[in-house]
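Each chain, letter by letter, is given below.
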Amino acid sequence: NAGYVLVIELGATGGLIGIADLAGNILTSSNVKLDISEGPQKVLGALQAVIDRIISKLDGTLWGIGIGLPGPVEYASGMLIAPPIMPGWDRFPVREHLEKKYKVPVWVDNEVNLMALGESRAGAGREMHSIVYIKIGTGIGGGLVYQGQLLHGVSGSAGDIGHLKAKSESTVVCRCGKRGCLEALAGAPAILREALRIAKNNESKYLSAALKSKKDVDIELLTQAILAGDPNSIQIANEAGGLIGSAI
């Protein structure tokens, strides 16, 4: 209880900001909506407004900041390296930017790397010397911990499985500009794109009825359809799961 650490996880469409004590216990957290593709100045500006409010309520000293970003990070410099879904972020000095603003040490890494490290140290992988951690959301990413050490790879891209080619014949264009990437075929937007298609084509009674009653075809609705036993909805999940399993 001698001080606090600010912890930040940014994804493609939102983020989570928390305060932890020096034992790693999360004391408070806040969700923040953002679009990572809007570039570092706008995103970090919005982020700093939330950080400032949180820090103003602290009864103690801020010791440091840890931030996870949805792209390959050169760990030594704290800079993103050619991130596929983050236009304008390449080589942006995130660490330097935040250290200058808050006058504390800042650690920057890929968000899924940090999730993998968290599970290895204090979660589901704490009894194991090596783990692979996969995050599935808007994008798909992986983190690798080998004998207790986080693997970054020569360019910071170790575990970045979302941009493996999942189907060589696919014409679906990924946000990174390539065709047939895993996340373009099995990430949340891809799953919902297929769900909306079968809803419009009356291939799913459950989803079609929901669409006609003006409900959004979102992940929550698709989950309800799967739990209700809708076969076409189950097929969407099975196909996405199969692609992810093959990639792993």
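Refer to the structure printed above.
Please read all numbers here as calculations on a predicted model, not as lab measurements.

Calculation criteria
- Residues numbered from 1 in each chain as written.
- Predicted model: local features only at pLDDT ≥ 70, side-chain atom pairs only at ≥ 80, totals over all residues.
- Heavy atoms only, no water.
- Helix = DSSP H or I, 4+ residues; strand = E, 2+ residues; numbered from the N terminus.
- Rg over C-alpha atoms; globule rule 2.2 N^0.38 Å.
- Buried < 20%, exposed > 50% of the residue type's maximum accessible area, 1.4 Å probe, protein only.
- Core = buried A, V, L, I, M, F, W, Y, C linked by side-chain atoms within 4.5 Å.
- Contact = heavy atoms within 4.5 Å.
- Axes fitted to C-alpha atoms, helices over the stretch in contact; angles between N-to-C directions.
- Parallel < 35°, antiparallel > 145°, perpendicular 65-115°, else oblique.
- Pairing = 2+ DSSP bridges.
- Phe/Tyr/Trp six-rings, centres within 6.5 Å; stacked < 30°, edge-to-face > 60°.
- Salt bridge = Lys/Arg side-chain N within 4 Å of Asp/Glu carboxyl O.

Before going further, it helps to examine the overall build of the protein. Of the regular secondary structure elements, the protein holds eight helices and ten strands. In summary, the protein has a C-alpha radius of gyration of 20 Å against a globular reference of 18 Å for 248 residues, a match within 12%. Each principal axis of the C-alpha distribution contributes one length, and for the protein these read about 60 × 40 × 40 Å. When each of the 248 residues of the protein is scored for burial, the buried share is 42%.

Turning to the nonpolar core, a few remarks are in order. Within the largest apolar cluster, 32 residues are counted, with the highest numbers of intra-cluster contacts made by L6, I8, L10, I17, L47 and I67. If we skip the residues at most four places from it in the chain, L47 touches I8, L10, I17, V32 and I67. In this structure, L185, I191, A195 and I244 belong to the second largest nonpolar core, which totals 19 residues.

Before going further, it helps to spend a moment on the packing of helix α5 (residues 188–200) against helix α6 (residues 205–212). Between α5 and α6, whose axes approach to 8 Å, the crossing angle comes to 85 degrees. Judged by the inter-axis angle, α5 sits roughly perpendicular to α6. Packed against α5, whose contacting residues are A195, L196, I198, A199 and K200, the element α6 presents L207, S208 and L211 at the interface.

A negative phi holds for most residues other than glycine; trans holds for most peptide bonds. With phi around 45 degrees, A82 is a residue other than glycine that occupies positive phi space. Backbone geometry at K214 places phi at a positive 70 degrees, although glycine is not the residue there. You can see K214 is positioned in the loop between α6 and α7 (219–227). K214 gets classed as exposed once you look at its relative accessible area, which sits at 76%.

Across the sheet, which stays open at both edges, the three strands sit in the order β8-β9-β10 with antiparallel pairing between neighbours. Unpaired on one side and paired on the other, β8 (131–136) and β10 (149–150) mark the two borders of the sheet. For β8 and strand β9 (residues 140–146), the ladder comprises six bridges, and the chain directions are antiparallel. Across the sheet, the residue bridging to I134 is G142, located in β9.

If you walk through the whole model with that rule in mind, you get one aromatic pair. Ring centres 6.3 Å apart and planes at 70 degrees place the aromatic pair W89 and F92 in the edge-to-face group.

Burial analysis of strand β4 (residues 62–69) places seven of its eight residues in the buried class, the great majority of the element. As defined by bridge partners, strand β1 (residues 4–10) adjoins β4 across six bridges and the pair is classed as parallel. If you follow L6 over to β4, its bridge partner there is I65. As paired elements, β4 and strand β7 (residues 106–110) share five bridges and run parallel to each other.

This paragraph deals with the environment of R95. Mapped onto the elements, R95 comes out in helix α2 (residues 94–102). In this structure R95 comes out as buried when scored by relative accessible area, which is 17%. Spatially, the C-alpha atom of R95 lies 40 Å from that of N238, the residues being 143 residues apart in sequence. Sequence-distant contacts of R95, that is, excluding residues within four places in its chain, are made with Y75, A76, S77, G78, V106 and V108.

Let us look at the pattern of salt bridges. Applying the stated criterion to the full structure yields eight salt bridges. A salt bridge links E183 to R175; its shortest N-O distance comes to 2.7 Å. We classify R175 as partly exposed; its relative accessible area is 43%. With a shortest N-O distance of 2.7 Å, R197 and E194 are connected by a salt bridge. Placement of the pair is R197 and E194 together in helix α5, with a separation of three residues, close to one helical turn. Owing to a relative accessible area of 35%, R197 belongs among the partly exposed residues under this scheme. Here the salt bridges share partners, and the residues they tie into one network are E9, E111 and K135.

Read these as geometric descriptors, not functional statements.
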